Amino acid sequence: MAVIDSPRIVTARAGYEDSFTLARYLETGGYEGLRKALTMFPEDVAKQVDDASLLGRGGAGFPAGRKWSMLRKAPVSYLVVNGDESEPATFKDHFLVERDPHQLIEGIIISAYALQVSQAFLYLRGEFALGLERVQQAMNEAYEYGALGSKIFGSDFSLDLVVHPGAGAYICGEETALIEGLEGKRGFPRIKPPFFPAVSGLYGEPTVVNNVETMSNVPWIVLNGGAAFAALGGGRSTGTRLFALAGRVKNPGIYEIEMVKNTFRDLIYDPALGGGITNDRKIKAFIPGGVSAPWFGPDLLDLPMGQDEVAEKGSMLGSGSVVVFDETSCVVRAAWRITKFFSRESCGQCTPCREGSGWIERAMYRLEHGGGRMEDLELLLDLCDNIAPGLTWPPQQTTICVLGSSIPSSVHSAISMFRDEFAVHVANQGCPFD
Amino acid sequence: MSHLRIDLRQRAEELVSLYPRPRSAMLPLLHLVQEQDGYLSEAGIAEVAELTLTTPADVRGTASFYDMYFLEPVGKYVVAVCTNVACLLAGGLELLEHASTTLGCSVGSTSDDGLFTLEESECLADCDIAPCVQVNHRYVRTTTAETFDALVGELREGKREHEIPSHGTLIRVRRSGGLRAPKSEIATERSGAKAARDKRAEEQA
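Residues numbered from 1 in each chain as written. Chains lettered and ligands numbered in written order. Predicted model: local features only at pLDDT ≥ 70, side-chain atom pairs only at ≥ 80, totals over all residues.

It is worth spelling out the sheet that holds strand β3 (residues 160–165) of chain A at this point. Residues and elements named next belong to chain A. The strand order across the open sheet built from 4 strands is β3-β2-β1-β4, with neighbouring strands paired in parallel fashion. Every other strand in the sheet has two partners, leaving β3 and β4 (207–211) as the edge strands with one partner each. Looking at each pair of strands side by side, their axes are set apart by 20 degrees on average, direction ignored. Note: strand β2 (residues 119–124) against β3, 6 bridges, orientation parallel. In the sheet register, A120 faces β3, and the bridge partner there is L161. Running over the sheet, helix α7 (residues 129–145) touches β2 and β3 and is turned about 165 degrees from β3. (Pairing = 2+ DSSP bridges. Helix = DSSP H or I, 4+ residues; strand = E, 2+ residues; numbered from the N terminus. Axes fitted to C-alpha atoms, helices over the stretch in contact; angles between N-to-C directions. Contact = placed C-beta atoms within 7 Å.)

Residues and elements named next belong to chain A. Under the domain assignment used here, chain A contains domain 1 (22–230), domain 2 (233–326) and domain 3 (331–428). One C-alpha centre belongs to domain 1, the other to domain 3, and the line joining them spans 35 Å. At the interface, 8 residues of domain 1 touch 7 residues of domain 3. Partitioning the side of domain 1 that touches domain 3 into residue classes produces 6 nonpolar, 1 polar and 1 charged. (Domains from an automatic or database assignment. Nonpolar A, V, L, I, M, F, W, Y, C, P; charged D, E, K, R; others polar.)

Quick look at the domain arrangement of chain B now. Taken domain by domain, chain B consists of domain 1 (1–71 + 175–205) and domain 2 (77–156). For domain 1 of chain B and domain 2 of chain B, the distance between their C-alpha centres works out to 32 Å.

Below, the discussion takes up the packing of helix α5 (residues 92–99) of chain A against helix α9 (residues 212–224) of chain A. All names here are of chain A. Interaxial distance between α5 and α9 falls to 9 Å at its minimum, and their mutual angle equals 50 degrees. As summarised for this structure, α5 and α9 are arranged oblique, according to the angle between their axes. Between α5 and α9 lies a crossing whose hand is left-handed. Within the contact between the two elements, α5 uses K92, D93, L96 and V97 and α9 uses V212, E213 and S216. Per-class residue counts for the contact of α5 with α9 are 3 nonpolar, 1 polar and 3 charged. (Parallel < 35°, antiparallel > 145°, perpendicular 65-115°, else oblique. Left-handed = near helix turned anticlockwise from the far one by under 90°.)

Residues and elements named next belong to chain B. Inspection of the secondary structure assignment puts L151 in helix α7 (residues 145–156). On the basis of neighbour counts, which here come to 21 C-beta atoms within 10 Å, the residue L151 falls in the buried class. Residues L151 and R141, spaced 10 residues apart in sequence, show a C-alpha to C-alpha distance of 9.7 Å. Leave out the neighbours within four places in its chain, and L151 touches V140 and T142. (Buried ≥ 20, exposed ≤ 12 C-beta atoms within 10 Å, placed from the backbone.)

Another point: the interface of chain A and chain B. Every contact between the two is made by 61 residues of chain A and, on the other side, 54 residues of chain B. The set of elements that each furnish at least two residues to the side of chain A that touches chain B consists of α3 (42–51), α7, β3, α8 (175–182), β7 (240–247) and α13 (331–345) of chain A. Top contributing element to the side of chain A that touches chain B by residue count: α7(A), with 8 residues. Looking at side-chain class alone, the side of chain A that touches chain B contains 26 nonpolar, 21 polar and 14 charged residues.

Residues and elements named next belong to chain B. Positionally, G192 belongs in helix α8 (residues 183–204). Its 11 C-beta neighbours within 10 Å are what place G192 among the exposed residues. Through-space distance from the C-alpha of G192 to that of L151 is 58 Å; in sequence the pair is 41 residues apart.

All names here are of chain A. Counting buried positions over the 6 residues of strand β1 (residues 78–83) gives 6, a clear majority of the element. As paired strands, β1 and β4 are joined by 5 bridges and run parallel to one another. Following the sheet pairing, Y78 is matched in β4 by T207. One ladder, built from 5 bridges, connects β1 with β2; its direction is parallel. Directly across from L79, in β2, lies its bridge partner A120.

In this section: the sheet that holds strand β3 (residues 133–135) of chain B. Residues and elements named next belong to chain B. Read from one edge to the other, the open sheet built from 4 strands follows the order β2-β1-β3-β4, with strand pairing classed as mixed. Looking at the sheet topology across the chains shown, the edges are occupied by β2 (116–121) and β4 (138–139). In the sheet, β3 pairs with β4 via 2 bridges, with the strands oriented antiparallel. Within β4, the position partnered with Q134 by the bridge is Y139.

All names here are of chain A. It is the contact of α5 with α7, at a shortest axis distance of 8 Å, that shows an interaxial angle of 40 degrees. Considering their axes alone, α5 and α7 lie oblique with respect to each other. The way α5 lies across α7 gives a crossing that is left-handed. Of α7, the residues touching α5 (which contributes H94, V97 and E98) are L130, G131, R134 and V135. Considering only residue class, the contact of α5 with α7 consists of 3 nonpolar, 2 polar and 2 charged.

Once that is clear, we can look at helix α17 (residues 408–417) of chain A. Residues and elements named next belong to chain A. Along α17, 8 of the 10 residues are buried, which leaves the element largely enclosed by surrounding structure. Within the sequence span of α17, burial applies to P408, S409, S410, V411, H412, S413, A414 and I415. Of the surrounding secondary structure, the elements contacted by the buried residues of α17 are α13, α14 (351–369), α15 (375–387), α16 (402–406) and α18 (419–428).

Next comes the structure, spelled out in structure tokens:
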């Protein structure tokens, strides 16, 4: 049975039509977290987030508190918030930005106070026209209300926030590429080391980069205490998390559920959540955490949805997006389309990624559309191996950033799980699902 | 003589002042050029170079990296149909093909009347209402051929202009004022906070 009675931490206002307005926000406890934070010492605010053991919600799952404490040894110059959500099938930040911009802004202000920075940037995906307008409107209201700008709520803390529209580049979701975009350059990821943002980030200065959902959790944590957050979930995966469910399910959507307490079966089949497979068909496979993650078969439906639980089985919870394939979905087509995406979005700096993605895409194209050969499968695995040697998980990296090592996931999964379907494609010289 | 209209020029200068370094305003400034011209015109690029203290080659080199900037004129409405994995499972490729027929232009090109440009898009982060379609980056949520055609009819008749401005206009809400926290005030605050923190740390130790 799915556990769905946990507190709504980031979607508390989702039911209101006017959830994005200051009036509604204040009526529902808005900016109380900030008022409380301002009465605390900054390091105590940071400690609450550390106690919460809030894992970053962007994809890598690095503990936010540790990111902050690593930095407190050297003064931080900038807080940058990553709202460049582009991982295919991920749409949680889109939801948070449009529906509850004040919660995000409050989280940013509290985090800036904890880090003692006076300039923050919110990098939002350019395609979020409505989200950009809602955030700008909310920021204007926050300035007017005294929650942003000089001497916030009469305290000795000042902060300016600037919303920075992106311009269409998946790679800018990678934190160092995002910083390049914020510096007005092409989104080329920087090599780490030495360019860990904590050490050398925006303009070469120490910078904290956090995801939109991570920030949106902060007001609740400060109001209710880190321990209350850590009491939810289990193991290293504390609190609740937004899962974006898409693909062949009856009720695709955003669901905030407690970490670990639910399994993938709960999310996909519970009537209060996914509601089962479209037309009550059978499930064929699912992607547990964005298209960069290796796929799972139906045998892993009962796996608890936690960071380490999923990692142990050779994939990742990543950006929290779950894509469901049913028995009528063509996995060859899906893997081809995912590779086409990586090929299009590779920034081109590193050869294995730039050349490998295009090569894999072309081989996958001919398997799906006719012209494929069985030898292509070995060729594909060899290409994948050249990008991520050994095809292990977590993958070996041959490139500056992890876009490269994400390319093999779907193709490798499809070939190892559904070799027989590839054989049918070859025998058929095209897609049998057409 | 500025190529940008006087109001856009004013907004451009405000944008530059929001960042510690002028080049950081590059992406928002390019959006402003598109708001005026619908694409990145030669003169617009030159003006962004002037505002960001770079060269037109720098600006072009940056702009061409990003999908949302067009280096040549496009239709009044840029229609983006997503075919990435979640939309693929919901018939995104079929909807894209249908859109091409309805709009009378192939993917990546502009209709003869200059009204529509059709694009095959990557994930637009609205996967629960799939296949996802955006017009000028506004979600229109037409997931079937019929609703798509109805939308196109309305766009042709100019019925959606209040909600979907011409291509290039991205953020219609203006920032109210520039930076509010004076640098001198911040410096005093930060040094005060640091001294207080060091004192607390000393007391604890």
